[in-house]
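So you can see what is in the structure, the chains are spelled out below.
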Amino acid sequence: MTTFGMRPPTLEQEVTRELLPHDAVVDLGRERAEAGIEDVLGALDADLVGLAPVKTRIREIAALLLVDRVRARFGVETGRPNLHMCFTGGPGTGKTTVATRMAELLHRLGHVRKGHLVSVTRDDLVGQYVGHTAPKTREVLKRAMGGVLFIDEAYSLYRAENERDYGVEAIEILLQVMENQREDLVVILAGYRDRMDAFFSSNPGMGSRIAHHIAFPDYSTAELEEIGRLMLQGEGYTLAPETEEVFREYIGLRREQPRFANARSVRNAIERARLRHAGRLVAGSEPVDLVALTTLLPEDFRASRVFHGGAT
Amino acid sequence: MRITQGTFSYLPDLSDAEITLQIAYALENDWPCSIEYTDDPHPRNDYWEMWGLPMFDLKDPAGVLLELNECRKTFPSHYIRLTAYDARYGRQTTALSFIVQRPAKEPGFRLTREESADRQVRYTLHAYAADRPEGERY
């Protein structure tokens, strides 16, 4: 049986915690553990190789949000921090991966309500005819609310060579929402260093509204090797001891060649090695065991054109 | 006369915080929300004007509230309602619909009697506001 009647609204906003007295002491370590930040930061450290400046900045942001939360419990009101970010770096340096983690981290810290990531490019924001851009951009912004909007290759929004390009309209709407609805979404722009610099110099409003410019450095050979190992581990492969040397040599050679895309190139190399591995097993007539099925041999990499002076 | 249509219409008007909670409930159930407005709130007028397209793939009520406030700005004295559609097989219908804005002054309806054959009387409702042209009613 249900009884009908007026029920007072139980609003989340009304459930405010009792303010702490002025002489109270708060254990920040316990606060961290309660928020579950350590899981995300720990996973970030374990899964992402290198990227020291990025990790430092993320730790700082996490600390700021945590301190803000504790301050609020004492009744010290702070404006919401501006967390719009710009990731710059070469291809394959982990910008998208970090953005996904960022969404989860900001959600755990209570900065965004849902913690989903909406990843878009110019095509999703800019329309094809007059009056098409604004609804399209607003649509994307609405979808991203409560989470993180990740704009890949953001520099392409502004095309200096075409003054009638609709990208400017999308930028204006973005700016408006970034400024007025800071509590509803966080915008992360990503792109190559030089092009993003050009983008910001032609859109000073955008540059000044982004507080965190984070540069993603290119990986060293040792880091790429570590990344490759993690990828192989994730897919259930191992390198035979003599393959390790060949793999290292491969990465060293590939770095010098054009169109090198850091971790993405390593992934592609592994994909091709898997193809050769499978081809070799099927071509051979003898039965295979688990070791043969999971171990990549030197010839799987040696066959690559990289070793014969060509790309890929 | 206060018009009562849809869910919650006998309750006091919902505040924005309460509307947000209702939208959150709809989104939790995967019901896309849409916003409709009219200045002809006759009970038999089912088809109100659509404010943009229904909003699919939203995760957070802030997006719906953004559009709602846009609509309020454009039509400050129209009726506006929020509709949540349940697209599941077997239901495929409006799951939740409630008024989120009403004009400050609602003159109400006049009862019109029409005498027809054999002393039969037919009744019909006529909104006082509907005498004025569309857009100037409230």
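As shown above, the structure is provided for reference.
Sequence order sets the numbering: in each chain, residues are counted from 1 along the sequence as written. The order in which chains are written sets their letters, starting at A; the order in which ligands are written sets their numbers, starting at 1. Where totals are concerned, whole chains, interfaces and linings use all residues; where local detail is concerned, this predicted model gives features only for residues with pLDDT of at least 70, and gives and counts side-chain atom pairs only at 80 or more.

1. Focus on the sheet that holds strand E4 (residues 93–101) of chain B
Residues and elements named next belong to chain B.
Reasoning step 1: Only strands joined by at least two bridges in the DSSP assignment are considered to pair. The secondary structure listing takes helices from DSSP runs of H or I that are at least 4 residues long and strands from runs of E that are at least 2 residues long, numbered from the N terminus. Taking strand neighbours across the sheet as the criterion, the four strands line up as E2-E1-E3-E4 in an open arrangement whose pairing is antiparallel. For this open sheet the edge positions go to strand E2 (49–55) and E4, each flanked by a neighbour on one side alone. Here the strands of the sheet are splayed against their neighbours by 20° on average, with no regard to which way each runs.
Reasoning step 2: Where strand E1 (residues 33–38) lies against E2, four bridges are found, and the strand directions are antiparallel. Residue pairing in the sheet places Glu36 in a bridge with Met50 of E2.
Reasoning step 3: Residues are scored as being in contact if the C-beta atoms we place from backbone atoms lie within 7 Å. Axes, fitted as lines to C-alpha atoms, cover a helix only where it is in contact. Angles between the N-to-C directions of the axes lie from 0 to 180 degrees. Relative to E4, helix H1 (residues 16–28) is tilted by about 165°, and along the sheet it contacts E1, strand E3 (79–86) and E4.

2. Some details on the interface of chain A and chain B
Reasoning step 1: Opposite the 12 residues of chain A that make contact, chain B presents 11 residues.
Reasoning step 2: Split by residue class, the side of chain A that touches chain B holds three nonpolar, four polar and five charged. Residue classes follow a fixed rule: Ala, Val, Leu, Ile, Met, Phe, Trp, Tyr, Cys and Pro count as nonpolar, while Asp, Glu, Lys and Arg count as charged, and any other residue, Gly among them, counts as polar.

3. Some words on the pairing of E1(B)
Reasoning step 1: By the bridge criterion, six bridges tie E1(B) to E3(B) in an arrangement that is antiparallel. Bridge pairing in E3(B) places Cys33(B) opposite Ala84(B).

4. Things to note about the nonpolar core
Residue and element names in this part refer to chain A.
Reasoning step 1: By size, the foremost hydrophobic cluster in this structure holds 73 residues, and its most contacted members are Phe87, Val148, Leu149, Val187 and Ile188.
Reasoning step 2: For this core, the leading source of residues is helix H4 (residues 95–108), giving six residues.
Reasoning step 3: Excluding its chain neighbours within four sequence positions, the residues that come into contact with Leu149 are Val118, Val120, Leu141, Ala144, Leu185 and Val187.
Reasoning step 4: With 16 residues, the next largest nonpolar core counts Tyr219, Val246, Ile251 and Ala273 among its residues. For this entry, the nonpolar core is defined as buried Ala, Val, Leu, Ile, Met, Phe, Trp, Tyr and Cys residues connected by C-beta atoms within 7 Å. In this scheme the burial state of a residue depends on its C-beta neighbours within 10 Å: 20 or more other such atoms mean buried, 12 or fewer mean exposed, and anything in between means partly exposed; the C-beta positions come from the backbone.

5. Comments concerning the environment of Leu185(A)
Residues and elements named next belong to chain A.
Reasoning step 1: For Leu185, the position within the fold is in the loop between helix H7 (167–180) and strand E4 (186–191).
Reasoning step 2: You can call Leu185 buried: it has 26 C-beta atoms within 10 Å.
Reasoning step 3: On a C-alpha basis, the gap between Leu185 and Gly115 in space is 9.4 Å, while along the polypeptide they are 70 residues apart.
Reasoning step 4: Once residues lying within four places of it in the same chain are set aside, the contact partners of Leu185 are Val112, Ala144, Met145, Gly146, Gly147, Val148 and Leu149.

6. Points about the pairing of strand E1 (residues 85–89) of chain A
Residue and element names in this part refer to chain A.
Reasoning step 1: Across the five residues that make up E1, a large majority, five, are buried.
Reasoning step 2: Note that E1 and E4 share four bridges and pair parallel. Across the sheet, residue Met85 finds its bridge partner in E4, namely Ile188.
Reasoning step 3: As defined by bridge partners, E1 adjoins strand E5 (residues 212–216) across five bridges and the pair is classed as parallel. For Cys86, the partnering residue across the bridge sits in E5 and is His213.

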